[in-house]
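As a plain string of letters, each chain reads:
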Amino acid sequence: MDHKITIKNNKLIVPDYPVIPYIEGDGIGKEIFQATQTVVDKTIEMLYCGKRKIQWKELLAGEKAYDQTGTWLPEETMNAFKDYLVGIKGPLTTPVGEGIRSLNVTLRQELDLYACVRPVRWFSGVESPVKYPEKVDMIIFRENTEDIYAGIEWEEGTPEAVKFYQFLSKEMGTKKVRFPETSSFGIKPVSKEGSERLIRSAIEYALKNKLPKVTLVHKGNIMKFTEGGFKKWGYALAEREYKKELEEGKLVLDDCIADAFLQNTLLKPENYSVIATLNLNGDYISDQLAAMVGGIGIAPGANINYLTGHAIFEATHGTAPDIAGKNMANPCSLLLSATMMLEYLGWKEASKKIEEAIEKTFQQKKATTDLARFMDNGISLSTTEFTQALVNNL
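Residues numbered from 1 in each chain as written. Predicted model: local features only at pLDDT ≥ 70, side-chain atom pairs only at ≥ 80, totals over all residues. Heavy atoms only, no water.

1. Describing helix α1 (residues 29–48)
Over its 20 residues, α1 extends 28 Å from the first C-alpha to the last, a length consistent with the 28 Å expected when each residue adds 1.5 Å. Taken together, the buried positions of α1 are occupied by Gly29, Glu31, Ile32, Phe33, Ala35, Thr36, Val39, Val40, Thr43, Ile44 and Tyr48. Directly after α1, the chain includes cysteine 49, whose backbone phi takes a positive value near 50°. (Helix = DSSP H or I, 4+ residues; strand = E, 2+ residues; numbered from the N terminus. Expected span 1.5 Å × (residues − 1). Buried < 20%, exposed > 50% of the residue type's maximum accessible area, 1.4 Å probe, protein only.)

See the structure below:
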């Protein structure tokens, strides 16, 4: 029997025993993946009584891959993600002085995972630096393949930087580089196609989940053709493809300048629901919103291509080498990413059950040290103890 997830007519076809490839991750990766796997497997077993089950398939990347194979990202790993469509990964070390700028960015670029999807909501029981964290309930669609993150840049003093400036100066007539001899240069590509597919995904998600509004966040007042283009193309797309939904009020589309948006999220977060934005803005926005609901330790993330079905769900934090192996890491970012994966597979009841167990555990003042220390009378648990508490609360 074939246990691979496939896609037909833009719809995932998920077998009852799907093979899900995973990368354990570096640093705390092993601990948080084991916790995630335990809770996910237990939930599926309880709900589906053996009629559904995930078959986990380990892939190598990062330090573990380098130690065993001499390469940070083996070709077999990339091919497996291409073949099996849906996977999950822990945090990975970015190699220093190597050709790969970032393993995470490489996976996103190679698989064309154009949408970085980051839901942000508050869990009752978690301490927050803001007064009303319960008002924060947003999902961010961050364009994942363009913008500054495309990695097109040249370092100050290199022949390439000199050549690029000469082109700007002589061919393009640019006079605005104040210190050309000591400037590094970066290119910010933003395309109509890239913008449209990201914004379309955000709109489709809002309509499917009956969410009130999609907001385009940009800096188009300054970067008029790149970020301004993102805004312009977004409105044109909605008018062209969702005219009926706009007229019937099923879709509300607006936009906001990025700096004003960051202020507004603190002052009136309840005004926002689905956010569509560019790559760099999305990085800032998702981390600020995560901090507002208690920190990046409970912030899940997914990188998705809704057209091909490819998706990698991941912890949004780093490898935390200072606490690796100490049984104190918080698994919630990866575990909540796994709930996003279950929802993506169509196993929504399993996703909901895990979220409820997490919230119940927090309401009991039980958490790993990073969260428990901020709770009144918080009970600080090890990773394994917290995992068992989650299982008890399923």
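2. Section: the sheet that holds strand β10 (residues 214–218)
The mixed open sheet is built from ten strands, whose spatial order is β4-β3-β5-β14-β13-β6-β7-β12-β10-β11. Of all the strands in the sheet, the pair left with one neighbour each is β4 (55–59) and β11 (253–257). Each strand of the sheet is rotated relative to its neighbour by a mean of 25°, with strand direction disregarded. Strand direction decides the pairing type here: strand β7 (residues 137–143) and strand β12 (residues 274–277), joined by four bridges, are parallel. (Pairing = 2+ DSSP bridges. Axes fitted to C-alpha atoms, helices over the stretch in contact; angles between N-to-C directions.)

3. Focus on the packing of α1 against helix α14 (residues 383–392)
The relative placement of two packed helices comes down to the angle between their axes together with the axis-to-axis distance. At a minimum axis distance of 10 Å, the contact between α1 and α14 shows a crossing angle of 15°. If you check the angle between α1 and α14, you find them roughly parallel. Where α1 crosses over α14, the two elements pack in a sense that is right-handed. Across from Glu31, Ala35, Thr38, Val39 and Lys42 in α1, the residues of α14 making contact are Thr383, Thr387, Leu390 and Val391. Broken down by class, the residue content of the contact of α1 with α14 amounts to four nonpolar, three polar and two charged. (Parallel < 35°, antiparallel > 145°, perpendicular 65-115°, else oblique. Left-handed = near helix turned anticlockwise from the far one by under 90°. Contact = heavy atoms within 4.5 Å. Nonpolar A, V, L, I, M, F, W, Y, C, P; charged D, E, K, R; others polar.)

4. Let's talk about the pairing of strand β6 (residues 115–121)
The side chains of a regular strand alternate between the sheet's two faces. For β6, a buried count of five out of seven residues is recorded, marking the element as mostly surrounded by other parts of the structure. Of the pairings in the sheet, the one linking β6 to β7 comprises seven bridges and is antiparallel in character. Bridge assignment links proline 119 to a residue of β7, and that residue is isoleucine 139.

5. A word on the packing of helix α3 (residues 75–84) against helix α4 (residues 103–110)
Here α3 crosses α4 at 45°, and the two axes come no closer than 11 Å. It follows that α3 is oblique to α4 by the angle criterion. Remark: the crossing between α3 and α4 carries right-handed chirality. Counted together, Met78, Phe81 and Lys82 of α3 and Thr106, Leu107 and Glu110 of α4 form the full contact between these two elements. Of the residues in the contact of α3 with α4, the class split is three nonpolar, one polar and two charged.

6. Considering the pattern of salt bridges
Inspection of every chain in the model, using the stated rule, returns 23 salt bridges. Among the salt bridges present, the one from aspartate 112 reaches arginine 197, with a minimum N-O distance of 2.7 Å. Taken together, the positions of aspartate 112 in the loop between α4 and β6 and arginine 197 in helix α6 (residues 192–208) put the pair 85 residues apart, joining distant regions of the chain. Where glutamate 355 meets arginine 121, a salt bridge forms, and the shortest distance between an N and an O atom there is 3.0 Å. Separated by 234 residues along the polypeptide, glutamate 355 in helix α12 (residues 348–363) and arginine 121 in strand β6 bring together distant segments of the chain. (Salt bridge = Lys/Arg side-chain N within 4 Å of Asp/Glu carboxyl O.)

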